[in-house]
Amino acid sequence: MQILEAHKPFEVQEVEMTDWKQRPVKNNFFELVLIKDGQGTQCINYNDHNYSKGNMFLLPPLKCHSFTIEKPTKFVFLKFTDSFFKNEHRSIMEKNEWFNEASYILSNYNQLPGDIIKTDTDRQYLKNLISMILQESRSFGNESIALIKSLMVSVMEILIRNIKKGSFYEIPKNNTDDRITKMLTFINENIDKPEQLKVENLAEVFMMSPTYVSEFFKKQVSMSLREYIIKAKLKLVEIRLLNSDFTLTQIADDLGFTDVSHLSKTFKRYSGISLRQFKNNGEYMLLKRSACTTTAEA
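Rules and cut-offs
- Residues numbered from 1 in each chain as written.
- Predicted model: local features only at pLDDT ≥ 70, side-chain atom pairs only at ≥ 80, totals over all residues.
- Heavy atoms only, no water.
- Phe/Tyr/Trp six-rings, centres within 6.5 Å; stacked < 30°, edge-to-face > 60°.
- Helix = DSSP H or I, 4+ residues; strand = E, 2+ residues; numbered from the N terminus.
- Buried < 20%, exposed > 50% of the residue type's maximum accessible area, 1.4 Å probe, protein only.
- Core = buried A, V, L, I, M, F, W, Y, C linked by side-chain atoms within 4.5 Å.
- Contact = heavy atoms within 4.5 Å.
- Salt bridge = Lys/Arg side-chain N within 4 Å of Asp/Glu carboxyl O.
- pLDDT = per-residue confidence, 0-100.
- Expected span 1.5 Å × (residues − 1).
- Arc of directions from axis to C-beta.
- Axes fitted to C-alpha atoms, helices over the stretch in contact; angles between N-to-C directions.
- Parallel < 35°, antiparallel > 145°, perpendicular 65-115°, else oblique.
- Left-handed = near helix turned anticlockwise from the far one by under 90°.
- Nonpolar A, V, L, I, M, F, W, Y, C, P; charged D, E, K, R; others polar.

*Asks:* Tell me about the packing of aromatic side chains, and please be specific about residues and values.
*Replies:* For the coordinates displayed, the defined rule picks out 12 aromatic pairs. Ring plane angle 55° and centroid distance 5.1 Å describe the contact between Trp20 and Phe67, whose orientation is recorded as tilted. Taken as a pair, Trp20 in the loop between strand 1 (10-17) and strand 2 (30-44) and Phe67 in strand 5 (residues 65-80) lie far apart in primary sequence, 47 residues in all. The same class applies to Trp20 as to Phe67, namely buried.

In structure tokens:
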């Protein structure tokens, strides 16, 4: 097994296996997995998906995962760690922008197994970028930090571009009205901008009457517009609680809640537990994640 570690705020591993073994690193944010060669099955929380050469997956945090290897498989794991968003050399604005982009990926990725890349062009781009990151990390060490960071920016942008084709709500396959997909994407991209999400603005953007926007949305999604927006915000709350050093006041302000009390009451109403309970449970699950992975491998 060959293990390559790039300099934080991310890590790179290239591993060839004939049997899945627990890796000596943990996924405390999320990973992009490239199948360079091989064949088998990926499992996340007991959901299976076949894999083969060229497939790419995301492994979000708090999810048990394993691979059943049918043919010897070469994996590349590109791991985004929490320090990617806490780099002291970044300005606050830049840090927040990066974290918002990563949060977009996590909140809109449906967290089920499956190849995440939608086009052959983007798949080739990512394979090339990952190859460059591996080569730089092998060959130049500290001299490559700035270049590797730049390559990671490109990786992130391509992931976002592909995930923007969906949302955390899965549209039924028989739905032929692409306006709802565009509307969901618009909402997810502007979830921290309350003015953009007002019915009047959505009506203008999507050329509908204000009275029809809510009716259209509920018919397509089987959920009210208000409920969808709240649930989308709460997904970001969960991500920030577990993967950042943002305070509750910052989270509430960024996502348009009146104050921490408003955020806390809303979170408990929809999740059934308090913010403190969620954070404690989430941190516990992160610590237990490797055990969960081992169980899944058995």
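*Asks:* If you had to explain the nonpolar core to someone new, which residues and values would you point to?
*Replies:* In terms of nonpolar packing, the biggest core is built from 36 residues, with Ile187, Phe217, Tyr228, Val237 and Leu263 touching the most fellow members. Elements that contribute at least two residues to this core include exactly helix 4 (179-189), helix 5 (199-205), helix 6 (210-221), helix 7 (225-243), helix 8 (248-254), helix 9 (260-271) and helix 10 (275-297). Setting aside residues no more than four positions away along its own chain, Ile187 makes contact with Leu197, Leu202, Phe217, Leu225, Tyr228 and Ile229. If you look at the next biggest cluster of nonpolar residues, it comprises 21 residues, including Leu32, Leu78, Leu129 and Leu159.

*Asks:* I'd love a proper account of the pattern of salt bridges, names of residues and values included.
*Replies:* Under the criterion given, the structure shown has six salt bridges. With a closest N to O distance of 3.4 Å, Lys193 and Asp192 form a salt bridge. The class for Asp192 is partly exposed, based on a relative accessible area of 29%. Connected via shared salt-bridge partners are Glu14, Lys36 and Arg138.

*Asks:* Summarise the environment of Phe75; cite the residues concerned and give the values.
*Replies:* Residue placement: Phe75 occurs in strand 5. When its relative accessible area of 0% is taken as the criterion, Phe75 is described as buried. Sequence separation of Phe75 and Met56 is 19 residues, and the distance between their C-alpha atoms is 9.8 Å.

*Asks:* Pulling in residues and values, what's your account of the confidence of the model for the protein?
*Replies:* Low-confidence regions, as indicated by low pLDDT, have predicted coordinates that should not be scrutinised in detail. Taken over all residues, the pLDDT of the protein has a mean of 77, while the share at 70 or more is 69%. Within the protein, the lowest mean pLDDT, 55, falls on helix 10, and the highest, 95, falls on helix 5. Low pLDDT, under 50, characterises residues 284-298; the predicted model gives this stretch 24 contacts beyond four residues in sequence or across chains.

*Asks:* Which residues make up the environment of Glu136, and what values go with them?
*Replies:* Its place among the elements puts Glu136 in helix 2 (residues 120-139). Taking the relative accessible area as the measure of exposure, Glu136 reaches 16% and is therefore buried. For the pair Glu136 and Ile148, spaced 12 residues apart in sequence, the C-alpha to C-alpha distance is 7.2 Å. Excluding its chain neighbours within four sequence positions, the residues that come into contact with Glu136 are Gly141, Ser144, Leu147 and Ile148.

*Asks:* Got a sec to walk through helix 6? Specific residues and values, please.
*Replies:* One turn of the α-helix equals 3.6 residues, which is why residues spaced by three or four share an orientation. Under the 1.5 Å per step criterion, the end-to-end length of helix 6 is 17 Å for 12 residues, consistent within 8% with the ideal 16 Å. Buried within helix 6 we find Val213, Phe216, Phe217, Gln220 and Val221. All buried residues of helix 6 project into a common sector of 100° when viewed along the axis, lining one side. Seen from the buried face of helix 6, the exposed residues on the opposite side, beyond 90 degrees, are Thr211, Glu215 and Lys219. A positive backbone phi angle near 60° is found at Ser222, which sits one or two residues after helix 6.

*Asks:* Could you give an account of unusual backbone geometry, naming the residues involved and the relevant values?
*Replies:* Even without being a glycine, Met207 presents a positive backbone phi close to 55°. With respect to the element layout, Met207 can be found in the loop between helix 5 and helix 6. The backbone of Ser222 sits at a positive phi, close to 60°, despite the residue not being glycine. Inspection of the secondary structure assignment puts Ser222 in the loop between helix 6 and helix 7.

*Asks:* Could you give me a rundown of the packing of helix 2 against helix 3 (residues 145-163), with the residues and numbers involved?
*Replies:* Look at helix 2 against helix 3: their axes get within 10 Å of each other, and the N-to-C directions meet at 160°. In terms of axis orientation, helix 2 runs roughly antiparallel to helix 3. For the pair helix 2 and helix 3, the crossing hand works out as left-handed. Within the contact between the two elements, helix 2 uses Asp122, Tyr125, Leu126, Leu129, Met132, Ile133, Glu136 and Ser137 and helix 3 uses Leu147, Ile148, Leu151, Met152, Ser154, Val155, Ile158, Leu159, Arg161 and Asn162. In the contact of helix 2 with helix 3, the residues fall into 12 nonpolar, three polar and three charged.

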